Protein chains: 4
Amino acid sequence: MIRAGIIGATGYAGGELVRILLGHKDVEIKWYGSRSYIDQKYADVYRNMFTLVEDTCLDDNIEKLAGEVDVIFTATPQGFLAGILTEEILSQCKVIDLSADYRIKDVGVYEHWYGIKHESPQLIKEAAYGLCEINREMIRGKRLIANPGCYTTCSILTAYPLVKEGFIDPSTLIIDAKSGTSGAGRGAKTANLYCEVNENIKAYGVATHRHTPEIEEQLGYAAGEEIRVNFTPHLVPMNRGILVTEYATLKAKNGKFPSYEEIKVVYEKYYKDETFIRLLDQGVCPETKWVEGSNYVDLNFVIDERTGRVIMMGALDNVVKGAAGQAVQNMNILFELPEKSGLELVPMFP
Amino acid sequence: MIRAGIIGATGYAGGELVRILLGHKDVEIKWYGSRSYIDQKYADVYRNMFTLVEDTCLDDNIEKLAGEVDVIFTATPQGFLAGILTEEILSQCKVIDLSADYRIKDVGVYEHWYGIKHESPQLIKEAAYGLCEINREMIRGKRLIANPGCYTTCSILTAYPLVKEGFIDPSTLIIDAKSGTSGAGRGAKTANLYCEVNENIKAYGVATHRHTPEIEEQLGYAAGEEIRVNFTPHLVPMNRGILVTEYATLKAKNGKFPSYEEIKVVYEKYYKDETFIRLLDQGVCPETKWVEGSNYVDLNFVIDERTGRVIMMGALDNVVKGAAGQAVQNMNILFELPEKSGLELVPMFP
Amino acid sequence: MIRAGIIGATGYAGGELVRILLGHKDVEIKWYGSRSYIDQKYADVYRNMFTLVEDTCLDDNIEKLAGEVDVIFTATPQGFLAGILTEEILSQCKVIDLSADYRIKDVGVYEHWYGIKHESPQLIKEAAYGLCEINREMIRGKRLIANPGCYTTCSILTAYPLVKEGFIDPSTLIIDAKSGTSGAGRGAKTANLYCEVNENIKAYGVATHRHTPEIEEQLGYAAGEEIRVNFTPHLVPMNRGILVTEYATLKAKNGKFPSYEEIKVVYEKYYKDETFIRLLDQGVCPETKWVEGSNYVDLNFVIDERTGRVIMMGALDNVVKGAAGQAVQNMNILFELPEKSGLELVPMFP
Amino acid sequence: MIRAGIIGATGYAGGELVRILLGHKDVEIKWYGSRSYIDQKYADVYRNMFTLVEDTCLDDNIEKLAGEVDVIFTATPQGFLAGILTEEILSQCKVIDLSADYRIKDVGVYEHWYGIKHESPQLIKEAAYGLCEINREMIRGKRLIANPGCYTTCSILTAYPLVKEGFIDPSTLIIDAKSGTSGAGRGAKTANLYCEVNENIKAYGVATHRHTPEIEEQLGYAAGEEIRVNFTPHLVPMNRGILVTEYATLKAKNGKFPSYEEIKVVYEKYYKDETFIRLLDQGVCPETKWVEGSNYVDLNFVIDERTGRVIMMGALDNVVKGAAGQAVQNMNILFELPEKSGLELVPMFP
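A few points on the structure. (Residues numbered from 1 in each chain as written. Chains lettered and ligands numbered in written order. Predicted model: local features only at pLDDT ≥ 70, side-chain atom pairs only at ≥ 80, totals over all residues. Heavy atoms only, no water.)

### Here's the deal with the overall build of chain A
The helix and strand inventory of chain A stands at twelve helices and 13 strands. Radius of gyration (C-alpha) of chain A: 20 Å, near the 20 Å computed for a compact globule of 350 residues. Seen through its C-alpha atoms, chain A measures out along the principal axes to roughly 65 × 45 × 40 Å. Each of the 350 residues in chain A was classed as buried or not, and the buried ones make up 66%. Considering only contacts in chain A between residues 6 or more positions apart, those separated by 24 or more positions represent 70%. Accessible area of chain A: about 11,400 Å², with a carbon and sulfur share of 48%. The positive charge centre, built from 37 side chains, and the negative charge centre, built from 48, are 1 Å apart in chain A. (Helix = DSSP H or I, 4+ residues; strand = E, 2+ residues; numbered from the N terminus. Rg over C-alpha atoms; globule rule 2.2 N^0.38 Å. Buried < 20%, exposed > 50% of the residue type's maximum accessible area, 1.4 Å probe, protein only. Contact = heavy atoms within 4.5 Å. Areas by Shrake-Rupley, 256 points an atom, 1.4 Å probe, with all protein chains shown as cover. Lys, Arg positive; Asp, Glu negative; His and termini not counted. Charge placed at Lys NZ, Arg CZ, Asp CG, Glu CD.)

### Structural notes on the sheet that holds strand β8 (residues 202–203) of chain D
All names here are of chain D. If you trace the seven strands from one edge of the open sheet to the other, you get β8-β9-β7-β10-β13-β12-β11, paired in mixed fashion. The sheet is open, and its two borders are formed by β8 and β11 (277–279), each paired with just one other strand. Pairing geometry for β11 and strand β12 (residues 297–304), over three bridges, is parallel. In the sheet register, leucine 279 faces β12, and the bridge partner there is leucine 299. Along the sheet, helix α11 (residues 260–271) makes contact with β11, β12 and β13 (309–316), crossing β12 at roughly 160 degrees. (Pairing = 2+ DSSP bridges. Axes fitted to C-alpha atoms, helices over the stretch in contact; angles between N-to-C directions.)

### Some words on the interface of chain C and chain D
Across the contact, 35 residues belong to chain C and 35 residues belong to chain D. Summing both partners gives a buried area of about 3,100 Å² for chain C against chain D, and 62% of it is carried by carbon and sulfur. The interface formed by chain C and chain D includes zero salt bridges. Where chain C touches chain D, the interface holds twelve residue pairs in polar contact (both at pLDDT 80 or more). Of all the secondary-structure elements, those providing two or more residues to the side of chain C that touches chain D are α1 (12–22), α2 (42–45) and β11 (277–279) of chain C. Considering every element that reaches the side of chain C that touches chain D, the biggest residue donor is α1 of chain C, with four residues. Looking at the side of chain C that touches chain D, its residues break down into 18 nonpolar, six polar and eleven charged. (Buried area = accessible area lost by both parts, 1.4 Å probe. Salt bridge = Lys/Arg side-chain N within 4 Å of Asp/Glu carboxyl O. Polar contact = N/O pair within 3.5 Å; in protein donor to acceptor, adjacent residues only side chain to side chain. Nonpolar A, V, L, I, M, F, W, Y, C, P; charged D, E, K, R; others polar.)

### Looking at the relation of the copies chain C and chain D
When chain C is fitted to chain D, the residual RMSD is 0.0 Å, and the transformation amounts to a turn of 180 degrees plus an axial shift of 0.0 Å. What the rotation and shift describe, once combined, is the action of a two-fold rotation axis. The C-alpha atom lying nearest the rotation axis in chain C is that of glutamate 199 of chain C; the distance is 4.4 Å. The overlap is high: 100% of the interface residues of chain C also sit at the interface in chain D, so the same surface is used on both sides. (Least-squares fit on C-alpha atoms with pLDDT ≥ 70 in both.)

### A short note on the packing of helix α8 (residues 150–164) of chain D against helix α10 (residues 211–223) of chain D
Residues and elements named next belong to chain D. In the contact formed by α8 and α10, the axes pass within 9 Å of each other and the chain directions differ by 25 degrees. With respect to their mutual orientation, α8 and α10 come out roughly parallel. Helix-helix and strand crossings are classified by hand; for α8 and α10 the assignment is right-handed. Contacts between α8 and α10 pair Cys150, Tyr151, Thr152, Ser155, Ile156, Ala159, Tyr160, Val163 and Lys164 from the former with His211, Glu214, Ile215, Gln218, Leu219, Ala222 and Ala223 from the latter. (Parallel < 35°, antiparallel > 145°, perpendicular 65-115°, else oblique. Left-handed = near helix turned anticlockwise from the far one by under 90°.)

### Quick word on the state of the cysteines
According to the stated counting rule, one finds zero disulfides over all chains in the structure shown. Cysteine 154 of chain C takes part in no disulfide bond, and the closest cysteine sulfur to it belongs to cysteine 150 of chain C, at a distance of 9.1 Å. Judged by its relative accessible area of 0%, cysteine 154 of chain C is buried. In this model cysteine 57 of chain D remains outside any disulfide bridge; the closest cysteine sulfur is found in cysteine 195 of chain B, 19 Å from its own. (Disulfide = S-S within 2.5 Å.)

### Considering helix α10 (residues 211–223) of chain A
All names here are of chain A. Between the first and last C-alpha of α10 there are 18 Å, a value that for 13 residues agrees with the 18 Å anticipated at 1.5 Å per step. If you check which residues of α10 are buried, you get His211, Thr212, Pro213, Glu214, Ile215, Glu216, Glu217, Gln218, Leu219, Gly220 and Ala222. Residues of α10 that are buried in the fold lie against α6 (107–114), β5 (128–129), α7 (132–139), α8 (150–164), β7 (174–179) and β9 (230–235). Where α10 ends, the next residue or the one after it, glycine 224, has phi of about 75 degrees, a positive value. (Expected span 1.5 Å × (residues − 1).)

### Section: the packing of aromatic side chains
Using the criterion set out here, one finds 50 aromatic pairs over all chains in the structure. Aromatic side chains tyrosine 151 of chain B and phenylalanine 231 of chain B sit 5.2 Å apart centroid to centroid with 70 degrees between the ring planes, which places their arrangement in the edge-to-face category. Of this pair, tyrosine 151 of chain B sits in helix α8 (residues 150–164) while phenylalanine 231 of chain B sits in strand β9 (residues 230–235), placing them 80 residues apart in sequence. Joined through ring pairs, the aromatic side chains of Tyr12, Tyr32, Tyr42 and Tyr46 of chain A together with Trp290 and Phe349 of chain B make up one cluster. If you follow lysine 253 of chain A out to its NZ or CZ, it ends over the ring of phenylalanine 167 of chain A, 4.3 Å from the centre. Over the aromatic face of tyrosine 296 of chain C sits the side chain of arginine 278 of chain C, whose NZ or CZ is 4.3 Å from the ring centroid. (Phe/Tyr/Trp six-rings, centres within 6.5 Å; stacked < 30°, edge-to-face > 60°. Lys NZ or Arg CZ within 6 Å of the ring centre and 35° of its normal.)

### A closer look at the relation of the copies chain A and chain D
Screw-axis analysis of chain A against chain D gives a translation of 0.0 Å along the axis, an RMSD of 0.0 Å, and a rotation angle of 180 degrees. A share of 100% of interface residues in chain A that are also interface residues in chain D marks the association as one of identical surfaces.

### Examining helix α10 (residues 211–223) of chain B
The element α10 of chain B is extensively covered by neighbouring structure, given that eleven of its 13 residues are classed as buried. On the buried face of α10 of chain B, the contacting elements are α6 (107–114), β5 (128–129), α7 (132–139), α8, β7 (174–179) and β9 of chain B.

### A few points about unusual backbone geometry
Between phenylalanine 349 of chain A and proline 350 of chain A the backbone carries a cis peptide bond, its omega angle lying at -5 degrees. Considering the arrangement of structural elements, one finds proline 350 of chain A in the segment after α12 (320–334). The backbone phi angle of glutamate 336 of chain B is positive, close to 55 degrees, even though this residue is not glycine. With respect to the helices and strands, glutamate 336 of chain B occurs in the segment after α12 (320–334). Even without being glycine, alanine 207 of chain C reaches a positive phi, approximately 70 degrees. Tracing the sequence through the fold places alanine 207 of chain C in the loop between β8 (202–203) and α10 (211–223).

### Some details on the sheet that holds strand β1 (residues 2–7) of chain D
All names here are of chain D. An order of β2-β1-β3-β4-β6-β5 is seen for the six strands of this open sheet, with the pairing classed as parallel. If you trace the sheet from one side to the other, it starts and ends with β2 (27–33) and β5 (128–129), each paired once. Alignment of strand β4 (residues 94–97) against strand β6 (residues 144–146), held across three bridges, turns out to be parallel. Across the sheet, residue valine 95 finds its bridge partner in β6, namely leucine 144.

### A look at the pairing of β9 of chain A
Within a regular strand, side chains alternate between the sheet's two faces. Residues and elements named next belong to chain A. Among the six residues of β9, six are classified as buried, and the element is accordingly described as predominantly covered. Burial along β9 is two-sided: Asn230, Thr232 and His234 facing one way and Phe231, Pro233 and Leu235 facing the other are all buried. In this structure, β7 lies alongside β9, joined through six bridges in parallel fashion. Within β9, the residue paired with isoleucine 175 across the bridge is phenylalanine 231. Strand direction decides the pairing type here: strand β8 (residues 202–203) and β9, joined by two bridges, are antiparallel. From the neighbouring strand, lysine 202 faces β9, where its bridge partner is leucine 235.

### A closer look at the interface of chain A and chain D
The interface is formed by 49 residues belonging to chain A together with 49 residues belonging to chain D. A combined buried area of about 4,000 Å² lies between chain A and chain D, and 55% of that area is made up of carbon and sulfur atoms. The largest share of the area that chain A buries against chain D comes from Glu199, Ile201 and Arg306 of chain A, three residues that together contribute 18% of it. Across the pair lysine 178 of chain D and aspartate 176 of chain A runs a salt bridge, and its minimum N-O distance is 3.0 Å. Where chain A meets chain D, there are 30 residue pairs in polar contact (both at pLDDT 80 or more). At the level of secondary structure, the elements contributing two or more residues to the side of chain A that touches chain D comprise β7, α9 (194–197), β8, α10, β9, β10 (242–249), β12 (297–304) and β13 (309–316) of chain A. Class assignment of the residues belonging to the side of chain A that touches chain D gives a composition of 23 nonpolar, twelve polar and 14 charged.

This is the structure:
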């Protein structure tokens, strides 16, 4: 039995970790960390857990925690883990970080986009970027996993095969992303009140959203060159789900654009054996509702010969594959369990 | 391995049966019946099932089906099963009917409220009313289960202990119920379009809703006398969930109303060992979101000494405990499996 | 031109006052009071007002304000106005209070339910309870209007004729109310976040909601006796709208319950000439969507002969007829304008 | 008094025409045409109109109607008006068509994208494309107005100044559009049911949506050359509103991209005197909620120097400025009324 601790267990991602781990037969949650709710019953914070979780919220004493568990999940604000993580902790247990602290290899880029100083840059190098389908081999055996962001997971997986195989010009890549409101977290802000979000859609963080450099770094590795993308997130009146619509100019070969079948083959090359990536049938557009509550990513694409562009689309549940589900998938890899253990969640409809 | 067939697999309750049974380790779905989608891939109708279900929809030939499976679930319109069910079918397999056809013992009452003739009244008597927590013993060994309605499950369980133990005057019982829109089914009707339901709440079927006699019959058994209740359903702009708010006059004993503790004891007498019924802590009101996707019923009550009434509240997921989940719970009882097999669904939040 | 000032202009009711008054040809808003946003542009707080309102938010200096306007609307927390209102202010301008401070005649009842001390009880007596359709004559000429609560307006108007004319037993009255989330205000609370309210319904304030004594007082006047009611509010995932479903036992006359036509006549007696009360056709249930954005109250009823009860239903927009619209209606009465001036708002659908 | 007739009065756009025209002091609606609801009371179809509209739905006899009114609005399916419009009708009254029949000048393009034969191509030439802010002068004096599509109005207005003034390369223009569900109409389709749309977002009509050629034609006029754009619509779980996010590569001048101020000047050149176009302050992103119920279009842009692109954003209410509101605006121009008559609708929030 893997003993797990969660720091930040009362945010939405933390709550989803609890939901998933409760159904994971090889894991036992030993520590529900939550600075805001110390000494309160966890099931009083998330009443869906009533009768399922009897524990009380504990503090975020990660040093103590490290001695008591096999893996720590941190679903904490940016900069928090970087400020407390030590070699000693990592020598005792695995750490899977759902924040951005160890995702970006260039500490200068991190500090520029996040506007904070990184307190443990020496640990960045050893962290594996936990995008399981792409980096599976790099993840195995690691002590520290940087679990990817929700937008980034969806954005990267949607474009990855075509970038990797050189079918699109990466400098033309535009990512228009739409997210449910759980992505905004459980903090009490006026902008996230029901009446402000409901019956409304808006873009935000235009040209400045912090997931941009993460996407650029990872897709840059695939492209074999530095790339710059436009990434625009939008807030959608729904609880869960991310949909990305990505546009890029196809590279013509001998004056001809690749056909549907040729592009399909590229996607299949990378994803046809992936449990959690579903390449939809031709003509079917991904919808967030079809993956809700599950670890799936649904992908598809349309070629527009009129403009010479491909429109790529991807959908996932931001709280599952975009956060807690992928974290558990990373844990499974680290502990040499079947990758889908505890993640055979059938999407819920309606 | 229990072989199961579903007739009406493409309605919302049918789709939920599939979701639940896919996670039930002792069951294999052999027949996805759907008159409207014959020969279409099931996963083209419910794309959440893409890669999970490879089957094609079949017709509703229940006689053929009966020879191939151990249990048939019928999630069909009122009157359908009554028109085709035979002794021969029942001699071959179990039938769990999610429609109302065998719920009401008095065929005259059924025909009055449903406005149709019952085609197989001779089978009504042997059907067990599958409200598991109340009728568990009557269900065992039966061939035919009348799975309770969504509103009725919630309405009955919420009031049952106080009716049964005589703490309230059943003639004063008023049930004000609120349901998510999946309860209205997947038929293409203008009244159920997004723009008609969204940002709206209304009562419907006032004083005439068909779940009324079902509630009256079952609570009448508990009361030991015929009762008449007011039952008013409302349509709420959400996908899933039923909340009932029930009002009844407390019976005073020696001029005193029962205390909170006395009533709590009554609820605990009936429910404290029930996995799927959660008696909330004092002061906590049930919310549909806390049970979403699960088989739980959350219950609580408030005594209003000013008026001498008790306000009882219950919440469940209409598609799970109100339909498919309870059907699987009945199946588990019939096949002598642990009652919670396949039903250990953690509510999803948010 | 009536000069108006608003204290509390940046709450939802305050914002709606601005929306309505901008379309009122006889009114000019001179003061946008908002303690939280002093010196910020009003249109930066409510961007729907961009280019429509150029003013900056001012403080809540009601004494200064009183000298500059003809009417002050206060959309402020309970107790605020009671703490600052003086004879001197009332001698200079009309005050229409959207809080509860002057609604309840018995200061002890107010202090009991609201849990605060009333700082100006001497002014309660002169305040008119501004339920226009019932109290129109009492409102005329007054200096201080206690604008009714949203739930109370709907609850009272729905039952008033039958209480007044003795058709129901007021001791049996049960009010089950459902409200959109704007009724919870614009304060940044976790419980009102999008993800907490969306896809959810719950009761709250069961047997303790502060609108209860207000309903009891006003319906008590109609009944000619003290009454006690059960009032249960519910939070519905929609922005606007209140629906009440009210249950009461009909009084039989000569062993017979009143007929539909007899009850209809009673409703018509009180409401048939009322612009803002719409008595729906037989069989049509009120829906909040049909009155959204307008000052209408839609009413109807169903007789249940089986139980001897009448089910009365009413729907209004909580921000309009339940708050700002009724406040403007009161203003029109006070200033001897046509009662519907500025209020000819056609409900918006969808 | 202008006498108006509406053919297609019971669709969502038709209903909104009624809402707006009821508040237009110079217009009287004489004909509520609706093939589906002939002889039914209009207020039984749209109950928000109860007590406001006493009329009964009439057929779509446009020849008879033409003799009785000054203007006909047609909110009908594609191809309908083209099949019945005649010179004789146009000689008797103005026609404002909310369908696409006369929007596209090249009948071959129309027939290609719409897949139907145009039955009155000889009338296309005289129709004015009723995008009021751009084509005001062309509209005056016309008999036939092709009212623009909802997506196209938003898409064109958002990019027009930069295309017209040559600040962007039009071949790089990508339009990612998001619409509320009223845009899908009131037809009873499974895909538009509450439970299918709610908690979901998807793209549809990718690379094939019929508004594409309309956008290309109008922006082509502005560019002075043929252009091809990518236009991708998405369905959002809300009733009203369209948001477009548009991406285009800025043209550098002397190796420098234009500054924020330079681009702002271009937008102001075209829009600063337009009542219904609001250029938001720097850094503020348009939100559909801020224009709900009104005829406003809110616009803004962000320069991304990293990629050399400008991100342009526009929001409007698809039923108002995207349909009925703009139709009334066109009527005002045709009848030489102030353009904002009947359209001074303050956006409703929340």
